[in-house]
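Architecture and fold: a report
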Protein chains: 2
Amino acid sequence: MYIDSASKAQLQQWESELSAEFQGFKNQSLNLDLTRGKPSAEQLSLTDNMDGILSGNYKCQDGSDARNYGGLFGIPEMRKLGAELLGVKENEVIAGGNSSLTFMHLCFVFACLYGPGGKGTQWHRERIPRFLCPVPGYDRHFSICEDLDVKMINVPMTANGPDMDEVESLVKKDPSIKGMWCVPKYSNPTGIVYSDETVERIAKLGRIAGPDFRVFWDNAYAVHDLTDNPPKLANIMDLCKKHGTDNLVYQFSSTSKISFAGAGVSFLATSTANLAGFEKHLFVLTIGPDKVNQLRHAKLFPDLAAVRKHMRKHAELLRPKFEAVLDHLRKNFTDSDLGTWSEPQGGYFISFNARPGLASEVIRLAGEAGVKLTPAGSTFPYKKDPENRNIRLAPSFPKVAELNKTMAVFVNCVKLAAVRQQLGNP
Amino acid sequence: MYIDSASKAQLQQWESELSAEFQGFKNQSLNLDLTRGKPSAEQLSLTDNMDGILSGNYKCQDGSDARNYGGLFGIPEMRKLGAELLGVKENEVIAGGNSSLTFMHLCFVFACLYGPGGKGTQWHRERIPRFLCPVPGYDRHFSICEDLDVKMINVPMTANGPDMDEVESLVKKDPSIKGMWCVPKYSNPTGIVYSDETVERIAKLGRIAGPDFRVFWDNAYAVHDLTDNPPKLANIMDLCKKHGTDNLVYQFSSTSKISFAGAGVSFLATSTANLAGFEKHLFVLTIGPDKVNQLRHAKLFPDLAAVRKHMRKHAELLRPKFEAVLDHLRKNFTDSDLGTWSEPQGGYFISFNARPGLASEVIRLAGEAGVKLTPAGSTFPYKKDPENRNIRLAPSFPKVAELNKTMAVFVNCVKLAAVRQQLGNP
C-alpha cells in the first residue's frame, strides 16, 4: 500500500474498507495492551525456585551473615557477577537493591547536589544544567532529568547509536551540558546496539568535556539476546581506561528481567574514584542493600555462564512473540510507505515509525478499538515527539494469540490514520 | 565510690588499684565490641523460615503477581500491617524497600528540592534551613541533615521526650526551622518513651509552625518491648487530626529488627496529601519496592498480633543482655557520683553519662583494653557532645558472657578516667 502515489478514488476505497474493518474490531470489545515492557508470567516462573533456595543457610562467601546489617556495597558474590556482567573489576562495581533506576537517580541527585567530581562540579551550580538525550529513548531517564530541572537536548539515534558528530559538537561548544543517557545494547526502544566506533567515541568524550560531565550507561539488556549469535557491545570501561577517561561513565544494570522484575539485584559500575565519592553519600541513606536477596541470586547465578544459560530460556519464550509482531509489520508494511520499524536481536521493544504526524492518531484509534498502546511522545523528552511518529511496541507480556489480535488492530489503525490523513480528513 | 568527696590519698589509692586492674585487662588481649546496635544471630534465626515460606506461590491478596513490576506503594497486605503498626489508615501508609532510613532520606531530599508542601515550601530556598535535634539522638538522622547542609540545633531530652518549652519557643521565633527529628518510643539512645503530653504538644506544633515544617517521627522500636506491660505511645496521627495538623508528621518504621536486619520491609505513614506529593517524585526513582520480600513478610506476619508474638521471642533473648549491662552499672555506680544511665523498657540501647568531660577518655581507655565503644560525640549533631559525657551502650549483639567481660572493662575505665581527672592527671 503506497499512500503517496494513490489516487483519491483508491484512498476513498481503502478508507471505506479500513473503516469497516475498524468497526469490526470495535464490535469485538477487545481489551488488549501492548504497553507493558515487562516479562510474562512464564518468564518469571523460570526463577520460581528462588524461594527456598538458601535452605536456611544465610552465610556469605566472606563469612558474613546476610541477615544482618552491613556491607554497603553488596556481597562479594554479587559484586563478582556484576563485574563479569559489565566488564569491570570487582572493586569497580557495587550490588544494590531491586532497582537500577534508583542507582541512576542517586548518581543524578548526587551530581546535582554534590558534583560528580566533588566540590566545584555540582550540576546545580549552573542555572540550567543540560543533558543529551538520544531519541527515541527511555521515558524513565527523561523523568529523572525533568524532576531535577535538568534541560534535555534531543540527539538523533542512528543505526550505530547516538549521532556522535552532533554529540561531540554540542559537548565541545556548551559546557552547561553535563552528560548523556545511553542504552547501548538493544536500545530502548530502537533495539540497536552501539557500534564499536560509537562506544570508543563516547569513551573519548571525557577528553573534550569538563570534569563534571558523565555518561549514564544503562546496560539494562546486557544479556537479553534473542538470537544465538548476538551482537557484542564494546567494553566502555576498557576504552575509557585506554583514553584516560576512567571517571567518565556510570554503568548500570540489574537482574530485573533475568530473575524477578522488581525483586532483583541492581548494579552500578564506575571508577573506584567515582565509587568513593558515591559511597560518602550512599552511606547517609542506607545501612546497605538486601543481602539475603543478593545471596539468593548468587546461589541461582554463580557466574555469568549460569546467567547466559538462564537467558536462553527467556529467549525461547520471547522469540515467538517478537516474531509475531514483526510478521504483521513485514506482511503489511514492507511493500508500503506507511511506516518503518526496528528488527532487534534482543531487548524488550520494537520501535515503529508511522508517517509523520500520525503517532497520536494511531494510538487514539487503537485505544478506541480496545488496544492500549504506549502514549504518543513517551519515547521523547518532555513527551514531545517532534515528528509525532514514534510508537513503542512491547511484545513480551501478552501471549502470542493476543499479540496477533493486537497487531491486526494496530496494522488497521496505522493504515486508516494514513489514508484519512492523505484524504485531508484525519 | 564518691569522687567529689574523696581525699587525695584515697584517690591515689584508687588510681593505683584501678590502673593495676586496667593493666590486667590489657594483658588479656581482649577483642570486644559494644557498638553494634544490631540483632544477634539467635534473634535473626527466629525468622529463618522466611526462606521458602512462599512455597512457590507469588500471588498477592489483590491478585497481582509479586514477581513482576508495579505497585509503587507496596502490596496491600503490608500496607495493612504498616497501618496497624503505626496507627493510621491503610491509605495513609506505604510499604517500601529494606530501609526506613532511605524513606527518611527521600522525604528530606524531596523537602529540600521540591518542598514538603509543594511549590513555595522548598527548604533549600532558605540560605540555611535549620532542624531541631533532641540530644542525645541517632547519628544517622544527623548525617542526613549534615549531608544536605541543613543546620542542626540541639534540644535537650527530658524523661518525657524533647524539652517542649524550648521546642515551641524556637519554632515560634525562627521560621528557618523546618522540622524536628523524633524517636518517640525507646528513644535512641536514652530509651525513654515520649509522654502523652509531649506527643500532643508535638502534634500542635503544626499550628505555630509554617506549612513547610515537618516532624520526622522515627518509630523504629514500635514493638520492641522488653517487658510484659510495656509503656504505650500516644497516637500522633490521631492527635494531628484532632488539632487540624494532618500534614505535620512523617512516620517511619520497618521490620529490620523484627525479621532480618537489612532485609526487611520499611514503612512511611503520613497524610494522603503528603503521600500524593511524595508519590510524584518516588515514581521517578523506582518502579516499586521488592514485592516478593513483602509477600514473604505478609505470610510470616499476617497481622500485628503475629508481630507481637514474634517480638516476645526477641525480648526473651534481649532481656538477659540488657540485665547483664544494667547489673554492672547498678552495682558499681548506684552509690556513686561517677555516672548516670537509662533503664529502658525496650529498644536497643542504654545511654550512659559519665562525669562531664570524660566520655572520650573512657572510650579511649576501653579501646586500649580491647573494648570497642561507640565513638564519643556520636549521639550529637556534628559529633560534638558539648559536655563530652554521653556513651551509647548496645547490648544486643554480644553474648551474655562477653557482655560481662566488656562491662567489667567499661566500669574500670569509667572509674579510672574519673579518678585521674580528679587527680588532675587525665
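Residues numbered from 1 in each chain as written. Chains lettered and ligands numbered in written order. Predicted model: local features only at pLDDT ≥ 70, side-chain atom pairs only at ≥ 80, totals over all residues.

Turning next to the pairing of strand β7 (residues 214-218) of chain B. Residue and element names in this part refer to chain B. By the criterion of burial, β7 is predominantly enclosed, with five of the five residues buried. Where strand β6 (residues 177-182) and β7 come together, four bridges link them in parallel fashion. Each residue of the ladder has a partner; that of Trp 181, found in β7, is Phe 216. Judged from the four bridges that link them, β7 and strand β8 (residues 249-254) form a sheet pairing that is parallel. Counterpart to Trp 217 in the pairing with β8 is Gln 251. (Buried ≥ 20, exposed ≤ 12 C-beta atoms within 10 Å, placed from the backbone. Helix = DSSP H or I, 4+ residues; strand = E, 2+ residues; numbered from the N terminus. Pairing = 2+ DSSP bridges.)

Attention now goes to the domain arrangement of chain A. All names here are of chain A. When its domains are assigned, chain A resolves into domain 1 (8-43 + 308-422) and domain 2 (54-302). Measuring from the centre of the C-alpha atoms in domain 1 to the corresponding centre in domain 2 gives 30 Å. With seven residues, the single largest contributor to the side of domain 1 that touches domain 2 is helix α12 (residues 304-333). Its residues assigned to classes, the side of domain 1 that touches domain 2 shows 12 nonpolar, nine polar and four charged. (Domains from an automatic or database assignment. Nonpolar A, V, L, I, M, F, W, Y, C, P; charged D, E, K, R; others polar.)

Turning our eyes to something else, we now look at the relation of the copies chain B and chain A. Once chain B is rotated about the relating axis by 180° and shifted along it by 0.0 Å, it coincides with chain A to within an RMSD of 0.0 Å. Taken together, the rotation angle and the small translation identify this as a two-fold axis. When C-alpha positions in chain B are compared against the rotation axis, the closest is assigned to Gly52(B), at 1.8 Å. (Least-squares fit on C-alpha atoms with pLDDT ≥ 70 in both.)

Attention now moves to the interface of chain B and chain A. Residue-level contacts link 37 residues of chain B with 37 residues of chain A. Among the secondary structure elements, those contributing two or more residues to the side of chain B that touches chain A are α2 (41-45), α4 (100-113), α5 (139-147), α10 (272-285) and α11 (291-300) of chain B. Per-element tally for the side of chain B that touches chain A: the top contributor is α4(B), with four residues. By residue class, the composition of the side of chain B that touches chain A is 15 nonpolar, 14 polar and eight charged. (Contact = placed C-beta atoms within 7 Å.)

Right, let's talk about the sheet that holds strand β2 (residues 93-95) of chain B for a bit. Residue and element names in this part refer to chain B. A sheet is described by the order of its strands in space; here eight strands give the open sequence β2-β9-β8-β7-β6-β3-β4-β5, paired in mixed fashion. The open sheet has two edge strands, β2 and β5 (161-162), and neither has a second partner. Two strands pair when backbone bridges link them, and strand β3 (residues 130-135) and strand β4 (residues 151-158) are joined in this way by six bridges, in the parallel orientation. Paired with Val 135 across the bridge in β4 is Pro 156. Sheet strands in contact with helix α6 (residues 164-173) are β3, β4, β5 and β6, and its direction is about 150° off that of β4. (Axes fitted to C-alpha atoms, helices over the stretch in contact; angles between N-to-C directions.)

Attention now moves to the pairing of strand β6 (residues 177-182) of chain A. Residues and elements named next belong to chain A. Burial runs high along β6: six of the six residues are buried. Pairing of strand β3 (residues 130-135) with β6 involves two bridges; the strand directions are parallel. Paired with Arg 130 across the two strands is Ile 177, which belongs to β6.

Residue and element names in this part refer to chain B. Where helix α12 (residues 304-333) meets helix α14 (residues 400-422), the axes come as close as 9 Å, and the angle between the chain directions of the two elements is 25°. By the criterion of interaxial angle, the relationship of α12 to α14 is roughly parallel. Viewed along their axes, α12 and α14 form a crossing whose handedness is right-handed. Counted together, Pro 320, Lys 321, Ala 324, Val 325, His 328 and Asn 332 of α12 and Val 400, Leu 403, Asn 404, Met 407 and Val 411 of α14 form the full contact between these two elements. Split into classes, the residues belonging to the contact of α12 with α14 amount to seven nonpolar, three polar and one charged. (Parallel < 35°, antiparallel > 145°, perpendicular 65-115°, else oblique. Left-handed = near helix turned anticlockwise from the far one by under 90°.)

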